[in-house]
Amino acid sequence: MTDPVVTVRQSDLPVLRESYRLVGYPTVARVPRAQQGGGFGDQGRHPHAWAVFVQVDGLSLRVASARGHGREWTSLDRLERWLRAQGFRYWWVSNELDGLNEPDEGPD
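Below, the structure is looked at part by part. All figures in this text were calculated on a predicted structure; none of them were measured in a lab. (Residues numbered from 1 in each chain as written. Predicted model: local features only at pLDDT ≥ 70, side-chain atom pairs only at ≥ 80, totals over all residues. Heavy atoms only, no water.)

1. What about the nonpolar core?
Turning to step 1, where the next piece is worked out: Core analysis: the biggest nonpolar cluster contains 16 residues, and Val52, Val54, Leu79 and Trp82 have the highest contact counts within it.
Turning to step 2, where the next piece is worked out: When contributions to this core are tallied by element, the ones reaching two or more residues are helix H1 (13–18), strand S2 (22–32), strand S3 (48–56), strand S4 (59–64) and helix H2 (76–85).
Turning to step 3, where the next piece is worked out: Here this core takes 4 residues from S3, the largest share from any one element.
Turning to step 4, where the next piece is worked out: When neighbours within four sequence positions are excluded, Leu79 is seen to be in contact with Val28, Trp50, Val52 and Trp73. (Core = buried A, V, L, I, M, F, W, Y, C linked by side-chain atoms within 4.5 Å. Buried < 20%, exposed > 50% of the residue type's maximum accessible area, 1.4 Å probe, protein only. Helix = DSSP H or I, 4+ residues; strand = E, 2+ residues; numbered from the N terminus. Contact = heavy atoms within 4.5 Å.)

Shown next as structure tokens:
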């Protein structure tokens, strides 16, 4: 059984920032996709998305939509615009799911 993901709604971010409960830099992490839709609906070809985690009261929480589903982005460009619109100037990026682009080891 997996642990439930603890989330914070994106609409709560301004209140948390004003009350100094939102600390540190957010982490943008590669996660398995949970949402289907948009132009990248083929989860076989696009199995991962980007998610945002923030520190609230010492806990790392995933940013969720108004409906309570974890927010997902398929484009780091769009995610950057969203982060800046939320007032973030700095963030960390973590990608432990996609493989490294290593050169072919063909014959020399």
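2. A few points about the pairing of S2
Turning to step 1, where the next piece is worked out: As judged from the 8 bridges shared by S2 and S3, these two strands associate in the antiparallel manner. Along S3, the bridge assignment pairs Val23 with Gln55.
Turning to step 2, where the next piece is worked out: With 3 bridges joining them, S2 and strand S5 (residues 92–94) adopt parallel strand pairing. Within S5, the position partnered with Ala29 by the bridge is Ser94. (Pairing = 2+ DSSP bridges.)

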